[in-house]
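Chain by chain, the residues:
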Number of protein chains: 4
Amino acid sequence: MSQKVTVAAAQKVIEASRRHAEKIAVPSCIAVVDAGANLVAFIRMDGAWLGSIDIAQDKAFTARAFDMPTKELARSSQPGQPLFGINASNEGRVVIFAGGIPLIADGRVVGAVGCSGGTPDQDHEVAEAGVMAFVPGGEAGR
Amino acid sequence: MSQKVTVAAAQKVIEASRRHAEKIAVPSCIAVVDAGANLVAFIRMDGAWLGSIDIAQDKAFTARAFDMPTKELARSSQPGQPLFGINASNEGRVVIFAGGIPLIADGRVVGAVGCSGGTPDQDHEVAEAGVMAFVPGGEAGR
Amino acid sequence: MSQKVTVAAAQKVIEASRRHAEKIAVPSCIAVVDAGANLVAFIRMDGAWLGSIDIAQDKAFTARAFDMPTKELARSSQPGQPLFGINASNEGRVVIFAGGIPLIADGRVVGAVGCSGGTPDQDHEVAEAGVMAFVPGGEAGR
Amino acid sequence: MSQKVTVAAAQKVIEASRRHAEKIAVPSCIAVVDAGANLVAFIRMDGAWLGSIDIAQDKAFTARAFDMPTKELARSSQPGQPLFGINASNEGRVVIFAGGIPLIADGRVVGAVGCSGGTPDQDHEVAEAGVMAFVPGGEAGR
């Protein structure tokens, strides 16, 4: 049975990320995309930056588009590094700092979560809390 | 006390819209924006059209951008009518068919909900269910 | 086992569409997208319009984004009809004339083919030839 | 007789790049553009990054737009270097790392191939395999 990011699964991820964001007092935008990198669910916590609405979604997109945490792109996209300039690709939707992490089921990337609102390290933490709560839904849930 | 679309208020709206969408069997995308026309919360129900991700958000944007249900724009934007062509403005984010409705508190528009997934009439119904469940949050909730 | 639009499956669709396009002498652009509406394969036949490069891809996107042939949108998006104006949504990628058709496996839409190069009716024919040749690949093929 | 990137020529290039990509186990997106920098053919191999769909096409665009391998732009677009910032031009379609290479016939650039899916060095290798297989089609082939 194929595993996927249903809306119920996405909302559990967001809820877990939100709880962590509250705990560390970082009002955040939190987005979840599915295997096709298309948006499934999103929230902007009260007091979160307006600029984070796009960044959270773009981090989720990026983490699925390259099947890796956006934090890893941070290293390889510095001046002089192999992927310098990659953030201009994909219509500017590639985010090259931490906060986006793939969602994995049965060893395959099936979606991603993206968080924005604090420092990149904080955003990564908030995303990680969501990843840990991820339980993929089955096809039957569709 | 200023009334606003907190994330908690937005999620209640979405939950009510979702229940109605389930009842009429129309898998929908549902979006809520605040007074600044900026996204607060969003869900894509399982099985909803991918093309509705943008349209639901754009309907919510439109309903707040012009402080009226998108259904009213449908009339005035027909060929020969005063607003013909308006849907190309605002970078293509103006939707001129039903499914977006303002959220009102104390007689002022403080946000909007946008729904997409069925016929415009169904989308309007689904949005209306959300509007009816809207209870604005106070500043204290921030 | 989940059925999907592998690159091999997409190339068979394109090859069948191309043969039909040659038969009716309509140099065409032909695009295939997967379940996430993301591009899998594309060709521009010699002599096809440059303007068709985008349109073929957008037709494939549209057919998957709304799980219906783009030809059906043509009716409902006329002035005075329920979806008038829909083509401005989704960043202008919604095509409201014939030539895009969903690819279906086990009763579910798993992708789409989009063709552009002739009249909408010819484009629909060319797309249909591709649809008829569609044999989804399994997960194992990934 | 004018030499050009026919669809048949483009597909041979893509096939050769794909074989090399399979050999080094780097699922890739591979794109070929013609003298006008317009897309002729494209494939996304199974398992290739979604983010590579745009990058492969943009690398092919870039290699033809500046008539040089994208790898050469990497040097001159670093901070402090003459072309710093060039990747934001052309609507973000200029890629400044390896993987795009011009296709040449009779000493003139007549198109380009762009590959994305691995490290820039791997992408360059995959593109090179395509370049080596390039046999331009004549006008008669049109």
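Criteria and thresholds
- Numbering of residues begins from 1 in every chain and follows the order in which that chain's sequence is written.
- Both sets of labels track the order of writing: A upward for chains, 1 upward for ligands.
- Residue-level local features of this predicted model are given only where pLDDT is at least 70; pairs of side-chain atoms are given and counted only at 80 or more, and the full residue set underlies all totals for whole chains, interfaces and linings.
- Values reported for side chains reflect all heavy atoms of the structure, with hydrogen atoms and water molecules removed beforehand.
- Numbered from the N terminus, helices here are DSSP runs of H or I no shorter than four residues, and strands are runs of E no shorter than two.
- Two things to know: the radius of gyration comes from C-alpha atoms, and the globule rule equals 2.2 Å times the number of residues to the power 0.38.
- Summary of the burial criterion: residues with accessible area below 20% of their type's maximum are buried, those above 50% are exposed, and those between are partly exposed, where the area comes from a 1.4 Å probe applied to protein chains only.
- The contact definition used throughout considers only heavy atoms, calling two residues in contact when any of these lie within 4.5 Å.
- Any two of the Phe, Tyr and Trp rings considered here, Trp counted by its six-membered ring, make a pair once their centres fall within 6.5 Å; the pair's planes then place it as stacked at under 30 degrees, edge-to-face at over 60, or tilted in between.
- By the criterion adopted, a ring carries a charge over it if an Arg CZ or a Lys NZ lies within 6 Å of its centre and within 35 degrees of its normal.
- Pairing between strands is defined by DSSP: at least two bridges between them are needed.
- Every axis in this analysis is a line fitted to C-alpha atoms, fitted for helices over the stretch in contact. Angles between the N-to-C directions lie between 0 and 180 degrees.
- Note on terms: buried area is the combined drop in 1.4 Å-probe accessible area of two parts once they are placed together, counting the loss on both.
- Between Lys or Arg on one side and Asp or Glu on the other, a salt bridge is scored when a side-chain nitrogen of the former is within 4 Å of a carboxyl oxygen of the latter.
- N or O atoms closer than or at 3.5 Å make up a polar contact, with two conditions inside protein: a donor-capable atom paired with an acceptor-capable one, and, for residues adjacent in sequence, both atoms drawn from side chains.
- In this classification, Asp, Glu, Lys and Arg are treated as charged, Ala, Val, Leu, Ile, Met, Phe, Trp, Tyr, Cys and Pro as nonpolar, and every other residue, Gly included, as polar.
- Alignment of the copies relies on least squares applied to C-alpha atoms, considering only residues that score at least 70 for pLDDT in both.
- By this rule the span expected of a helix is its residue count minus one, scaled by 1.5 Å.
- Throughout, disulfides are identified as pairs of cysteine sulfur atoms within 2.5 Å of each other.

With that settled, consider the overall build of chain A. When helices and strands are counted, chain A shows four helices and six strands. Along chain A, helices (α) and strands (β) appear in the sequence β-α-β-β-α-α-β-β-α-β when read from the amino end. The globule rule puts the C-alpha radius of gyration for 142 residues at 14 Å, and the 14 Å found for chain A is close to it. Out of the 142 residues in chain A, the part that is buried amounts to 62%. Pairs at least 24 residues apart make up 63% of the contacts formed inside chain A by residues separated by at least 6 positions.

Once that is clear, we can look at the packing of aromatic side chains. To describe a pair of aromatic rings, you give the distance between the ring centres and the angle between the ring planes. On inspection of all chains with the given rule, the structure shows two aromatic pairs over all chains. Ring centres of F66(A) and W49(D) lie 5.7 Å apart, and the angle between their planes is 70°; this geometry places the pair in the edge-to-face category. Of this pair, F66(A) sits in the loop between α2 (52–65) and α3 (70–76) while W49(D) sits in the loop between β3 (39–44) and α2 (52–65), each in a different chain. Positioned above the aromatic ring of F61(A) is the side chain of R93(A), whose terminal nitrogen or guanidinium carbon lies 3.9 Å from the ring centre.

Residues and elements named next belong to chain D. Of all six residues in strand β4 (residues 100–105), five are buried; the element is thus mostly enclosed. Relative to strand β5 (residues 108–116), β4 is paired through six bridges, and the arrangement is antiparallel. Along β5, the bridge assignment pairs G100 with G114. Taken together, β4 and the strand that follows it, β5, pair antiparallel across an intervening segment of two residues, in which D106 is found at a positive phi of about 50°.

With that out of the way, let us pick up the sheet that holds β4(D). What the eight strands build is an open sheet, ordered β4(C)-β5(C)-β2(C)-β3(C)-β3(D)-β2(D)-β5(D)-β4(D); its pairing is antiparallel. Only two strands of the sheet have a single neighbouring strand rather than two, namely β4 (100–105) of chain C together with β4 of chain D. Each adjacent strand pair in this sheet contributes to an overall mean axis angle of 20°, direction not counted. The sheet contacts of helix α1 (residues 7–23) of chain C involve β2 (29–33), β3 (39–44), β4 and β5 (108–116) of chain C together with β3 of chain D, and relative to β3(C) the element is tilted by about 30°. Against the sheet, helix α1 (residues 7–23) of chain D contacts β3 of chain C together with β2 (29–34), β3, β4 and β5 of chain D, and its axis sits at roughly 30° relative to β3(D).

Taken together, the contact pairs 15 residues of chain D with 19 residues of chain A. Across the interface of chain D and chain A, roughly 1300 Å² is buried in total on both sides, 66% from carbon and sulfur atoms. It is W49(D), L50(D) and F97(D) that lose the most area in chain D upon contact with chain A, and together they represent 36% of the buried surface on that side. Across the chain D-chain A interface, the total number found is zero salt bridges. Scanning the region where chain D abuts chain A turns up five residue pairs in polar contact (both at pLDDT 80 or more). The leading source of residues in the side of chain D that touches chain A is α2(D), at three residues. Considering only residue class, the side of chain D that touches chain A consists of eight nonpolar, six polar and one charged.

Here the focus is the relation of the copies chain A and chain B. It takes a turn of 179° to lay chain A on chain B, together with a shift of 0.2 Å along the axis; the resulting RMSD is 0.1 Å. The superposition operator between the copies reduces to a two-fold rotation axis. Judged by C-alpha distance, F42(A) is the residue of chain A that lies nearest the rotation axis, at 2.5 Å. Comparing interface residues between copies, 100% of those in chain A also lie at the interface in chain B; the contact surface is shared.

Right, let's get into unusual backbone geometry. The phi torsion at N90(A) lies on the positive side, around 50°, for a residue other than glycine. Here N90(A) shows up in the loop between α3 and β4 (100–105). Of the residues examined, N90(A) reaches a relative accessible area of 7% and is grouped as buried. Positive phi is not limited to glycine here, since A25(C) has a value of about 60°. Mapped onto the secondary structure, A25(C) falls in the loop between α1 and β2.

What follows covers the sheet that holds strand β3 (residues 39–44) of chain A. Read across the open sheet, the eight strands follow the order β4(A)-β5(A)-β2(A)-β3(A)-β3(B)-β2(B)-β5(B)-β4(B); overall the sheet is antiparallel. In this open sheet, the two edge strands, each paired with only one partner strand, are β4 of chain A together with β4 (100–105) of chain B. Strand-to-strand twist of the sheet, defined as the mean angle between neighbouring strand axes without regard to direction, takes the value 20°. Strand direction decides the pairing type here: strand β2 (residues 29–34) of chain B and strand β5 (residues 108–116) of chain B, joined by six bridges, are antiparallel. Paired with A31(B) across the bridge in β5(B) is G114(B). Each of β3 of chain A together with β2, β3 (39–44), β4 and β5 of chain B touches helix α2 (residues 52–65) of chain B; the most contacted strand, β5(B), lies at about 160° to it.

For interface size, the figure often reported is the accessible area lost on association. Taken together, the 20 residues of chain A in the interface contact 20 residues of chain B. Taken over both partners, the interface formed by chain A and chain B buries close to 1700 Å², and the fraction arising from carbon and sulfur atoms is 47%. Our count for the chain A to chain B interface comes out at two salt bridges. Among the ionic pairs, D34(B) bridges to R44(A), the shortest N-O distance being 2.7 Å. For the interface between chain A and chain B, the tally reads 13 residue pairs in polar contact (both at pLDDT 80 or more). Of all the secondary-structure elements, those providing two or more residues to the side of chain A that touches chain B are α1 (7–23), β3 and α2 of chain A. Considering every element that reaches the side of chain A that touches chain B, the biggest residue donor is β3(A), with six residues. Where β3(A) and β3(B) come together, three bridges link them in antiparallel fashion.

The subject of this paragraph is the relation of the copies chain D and chain A. Turning chain D through 92° and shifting it by 0.0 Å along the axis lays it on chain A, with an RMSD of 0.1 Å. The operation mapping one copy onto its partner corresponds to a four-fold rotation axis. Residue by residue, only 13% of the interface of chain D is reproduced at the interface of chain A, so the copies engage with different surfaces.

The subject of this paragraph is helix α4 (residues 120–132) of chain B. Each α-helix turn comprises 3.6 residues. Residues three or four places apart therefore point the same way. Residue and element names in this part refer to chain B. The end-to-end C-alpha distance of α4, which contains 13 residues, comes to 18 Å, matching closely the 18 Å that a straight helix rising 1.5 Å per residue would cover. Turning to α4, its buried residues are P120, D123, H124, V126, A127, A129 and G130. On its buried face, α4 sits against α1 (7–23), α2, α3 (70–76), β4 and β5.

Here the focus is the state of the cysteines. Any covalent bond linking the sulfur atoms of two cysteines counts as a disulfide. Counting across every chain of the model gives zero disulfides over all chains. Lacking any disulfide linkage, C29(B) is separated from the closest cysteine sulfur, that of C115(B), by 9.5 Å.

On to the environment of P79(A), then. Following the sequence through the fold, P79(A) ends up in the loop between α3 and β4. According to the relative accessible area criterion, P79(A) is partly exposed, its value standing at 43%. Excluding residues within four positions of it along the chain, P79(A) makes contact with F84(A), Q78(D) and P79(D).

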